[in-house]
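So the chains spell out like this:
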Amino acid sequence: MAVTPGSSQRSDVGESHTTAHAATCSDRILSIQSHVAFGYVGGKAAVFPLQCMGYDVDVVNTVNFSNHTGYGYFGGTKTTAEELNTIFDSMDKTGVLTATRLLTGYIPNAASLDVVHRLARKLKARNPDLIYLLDTVLGDAGKLYVAADVIPAYRKILPLATVITPNWFEVETLTDMKLTDLASLRGALGKLHVEYRVPNIVISSIPLSRIAASIPEYLLPSRPTNGVARDGALSPPDEQQYLICIVSSVNHVHSEAASSISTVHARCVPLIPGYFSGVGDLFSALLLGHFHPLSTPPAHGPACMSPVASATAHALAKTHAILSLTHVAASTESLPATDDELDAHVPERISRRMKGRELKLVQGQDIFKSKDPVEPMIVWEGFWKE
C-alpha cells in the first residue's frame with residue numbers, strides 16, 4: 001500500500017500459513033447480505049474472496065437486485081422477514097445451519113434485522129466461540145441507506161458481535177456523537193465498548209481532514225516535498241487525499257499498564273480517485289477471513305498487535321490492491337476519474353462509469369490467496385489520556 005509508516009521500528013505483519021490454513025479448513029461462514037445479478041457489491045463482493053481464501057460460505061440474500069443503486073436504475077425484490085425466517089428454520093431442520101463464523105451486511109428493515117438478531121442469538125447459544133462480524137450498513141456521507149427503524153434494531157444486536165466495521169457516519173448514527181476531534185472519537189468508542197459491549201471496533205474509513213489536528217504526527221503520512229519525504233503535519237489539501245482506519249480492541253488484561261478501555265491502532269490510507277461500490281463489503285469479508293482469535297487474549301501494548309488489528313492490516317492491503325487494479329483498468333478505458341460529469345444530459349455516462357468501476361475481483365483473485373506480509377497497523381499511544 002502507498003502509505004509510509006511513521007516509525008522505522010515497525011515490522012511487516014505476516015500470517016502464519018499453518019494457522020490460516022487450519023482456520024479455513026474447519027471454519028464455515030454464513031453470509032447474510034444483499035445480492036446483485038451484475039457487478040460486485042454485498043455478497044458478490046464478499047463471498048468470492050472468502051472462497052479464494054479457502055472458506056466454505058453459505059449465502060442468504062437480503063435483496064435480489066439487477067445491479068447496485070449507483071447506476072441510477074435498478075430492479076428486483078427484497079427478501080421479507082418471513083422469508084428469511086423460513087430459510088433459517090429450514091437450514092436448521094435440515095442440519096445445515098452449522099456456520100462457525102457469521103457475516104451480516106445490508107439488511108433493509110428492522111423486521112428482517114430482528115430475524116437475523118434471533119439467528120445470531122441461536123448460533124451464539126450453540127457455539128459461544130462463534131465469530132460474528134457485524135457490518136452495520138446504515139449509510140454514508142450523511143445519507144441513510146435503510147429505514148430509520150433499523151438504527152435501534154442495530155443497537156440491540158451490537159452486544160452479540162465479535163467485530164463491527166462501521167464507517168464514520170455509521171459510528172455517528174449509532175452513538176449520536178459527531179466525530180470532529182479526539183474527544184468525540186474517544187466518546188464514541190467508549191460508548192460502543194462500554195454501553196453496547198462491543199469487544200472490537202474497526203472504523204473502516206474516517207476522512208483524515210475531520211480529525212487530523214488530533215492525530216499524533218507519527219500516525220500521519222509523510223508528505224513529499226520536491227521529491228523528498230518530509231515528516232510532519234499535512235496541509236489541508238493533502239489531508240483531503242487520505243482516510244484513516246481505526247481499530248479499537250478491549251483490553252482483557254487489567255493492570256496499571258493496561259488501565260484504559262482499549263488499545264487503539266490506526267493507519268492512514270491514500271484515496272484512489274473515482275467512485276467505487278462494494279468496497280466496505282469487500283473490506284469486511286477480508287477482515288473476517290484474516291481474523292484468527294487467540295486462545296489467550298494478548299496483553300495489549302506497543303509490542304503486541306491484537307488479532308483484529310492484524311486482520312485489519314491484511315484487509316486494508318488487499319482492498320487497496322483491488323482498488324488499484326480496478327482504477328488502472330478504468331484508466332485504460334479512459335473512464336472519468338470523478339463524478340463531475342453532465343450526467344443529467346447524458347445519462348448513459350453513469351452506466352458506463354459504473355460498469356467500468358466494478359471491482360476487479362476475478363482478475364485479482366491471486367491477491368486474496370496471497371499470504372505475503374503487509375504493513376502493520378500502528379499503536380496510537382496515549383489515545384485515552386486526557
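The text that follows walks through the structure, step by step, so that each part is easy to find. Being a predicted model, the structure only gives us computed values, none of them experimental.

Across its full length, the protein holds 13 helices and 14 strands. Sorting the 386 residues of the protein into buried and exposed places 53% on the buried side. Considering only contacts within the protein whose residues lie at least 6 apart along the sequence, 76% involve residues at least 24 apart. Carbon and sulfur atoms form 54% of the exposed surface of the protein, whose accessible area is close to 16900 Å².

Membership of the largest hydrophobic core comes to 69 residues, with the highest contact counts inside it found for Tyr-132, Leu-185, Ile-246 and Trp-380. When residues of this core are assigned to their parent elements, the largest contribution, 7 residues, is made by helix α4 (residues 110–126). In contact with Tyr-132, not counting residues within four places along its chain, are Leu-102, Thr-104, Val-116, Ala-120, Ile-157, Leu-160, Ala-161, Thr-162 and Val-163. Core analysis: the next-biggest nonpolar cluster, separate from the first, contains 40 residues, Leu-287, Ala-309, Ala-313 and Ala-315 among them.

Let us look at the environment of Thr-332. Residue position: Thr-332 is located in helix α11 (residues 307–332). Spatially, the C-alpha atoms of Thr-332 and Gly-356 are 9.9 Å apart, while their sequence positions differ by 24 residues.

This brings us to the pairing of strand β1 (residues 28–36). Put simply, side chains in a regular strand alternate between the two faces of the sheet. Burial runs high along β1: 7 of the 9 residues are buried. The sheet contact formed by β1 and strand β2 (residues 56–65) spans 8 bridges and is parallel. Bridge pairing in β2 links Arg-28 to Asp-56. With helix α2 (residues 43–52) bridging β1 and the parallel β2, this β-α-β connection has right-handed handedness. Here β1 pairs with strand β4 (residues 101–104) via 4 bridges, running parallel. Looking at the pairing, Leu-30 lines up with Leu-102 of β4.

This part is about the pairing of strand β13 (residues 262–270). Taking burial as the measure, the 9 residues of β13 include 9 buried ones, the bulk of the element. The pairing of strand β12 (residues 242–250) with β13 spans 9 bridges and is antiparallel. Each residue of the ladder has a partner; that of Ser-248, found in β13, is Val-264. Both β13 and strand β14 (residues 378–379) contribute to a ladder of 2 bridges, which runs antiparallel. In the strand pairing of β14, Ala-266 is matched with Ile-378.

With glycine set apart, most residues show a phi of negative sign, and most peptide bonds adopt trans. Of note, the phi angle at Ala-141 is positive, near 50°, even though the residue is not glycine. Relative to the assigned elements, Ala-141 resides in the loop between β6 (139–140) and β7 (143–144). The exposed category is assigned to Ala-141, whose relative accessible area is 61%. Residue Asp-176 is not a glycine yet carries a positive backbone phi of 60°. Looking at where Asp-176 falls in the secondary structure, it is placed in the loop between α6 (168–175) and α7 (182–195).

Before going further, it helps to spend a moment on the packing of aromatic side chains. Applying the stated criterion across every chain yields a total of 5 aromatic pairs. Relative to Phe-74, the ring of Phe-65 has its centre 4.9 Å away and its plane inclined at 50°; by these criteria the two rings are tilted. Exposure remark for Phe-65: the relative accessible area of 14% places this residue in the buried category. Plain terms: the ring middles of Phe-383 and Trp-384 are 5.1 Å apart, the flat faces sit at 85° to each other, and that makes the pair edge-to-face. Three or more aromatic residues link up through ring pairs in this structure, and these residues are Trp-380, Phe-383 and Trp-384. Sitting above the plane of the Tyr-40 ring, Lys-44 keeps its charged end 5.3 Å from the centroid. In this arrangement the basic side chain of Arg-210 is found over the ring face of Trp-168, its NZ or CZ atom lying 4.0 Å from the centre.

Each strand in a sheet pairs with another by means of backbone hydrogen bonds, the pair being arranged parallel or else antiparallel. With respect to topology, 10 strands assemble into an open sheet ordered β3-β2-β1-β4-β5-β8-β9-β12-β13-β14, the strand pairing being mixed. In this open sheet, the two edge strands, each paired with only one partner strand, are β3 (76–78) and β14. Two elements, β2 and β3, share 3 bridges in a ladder whose sense is antiparallel. Within β3, the residue paired with Val-63 across the bridge is Lys-78. Of the strands in this sheet, β8 (163–164), β9 (200–207), β12 and β13 are in contact with α7, which crosses β9 at around 150°.

The rules behind the values
- Residues numbered from 1 in each chain as written.
- Predicted model: local features only at pLDDT ≥ 70, side-chain atom pairs only at ≥ 80, totals over all residues.
- Heavy atoms only, no water.
- Helix = DSSP H or I, 4+ residues; strand = E, 2+ residues; numbered from the N terminus.
- Buried < 20%, exposed > 50% of the residue type's maximum accessible area, 1.4 Å probe, protein only.
- Contact = heavy atoms within 4.5 Å.
- Areas by Shrake-Rupley, 256 points an atom, 1.4 Å probe, with all protein chains shown as cover.
- Core = buried A, V, L, I, M, F, W, Y, C linked by side-chain atoms within 4.5 Å.
- Pairing = 2+ DSSP bridges.
- Right-handed = clockwise from strand over helix to strand, strands pointing away.
- Phe/Tyr/Trp six-rings, centres within 6.5 Å; stacked < 30°, edge-to-face > 60°.
- Lys NZ or Arg CZ within 6 Å of the ring centre and 35° of its normal.
- Axes fitted to C-alpha atoms, helices over the stretch in contact; angles between N-to-C directions.

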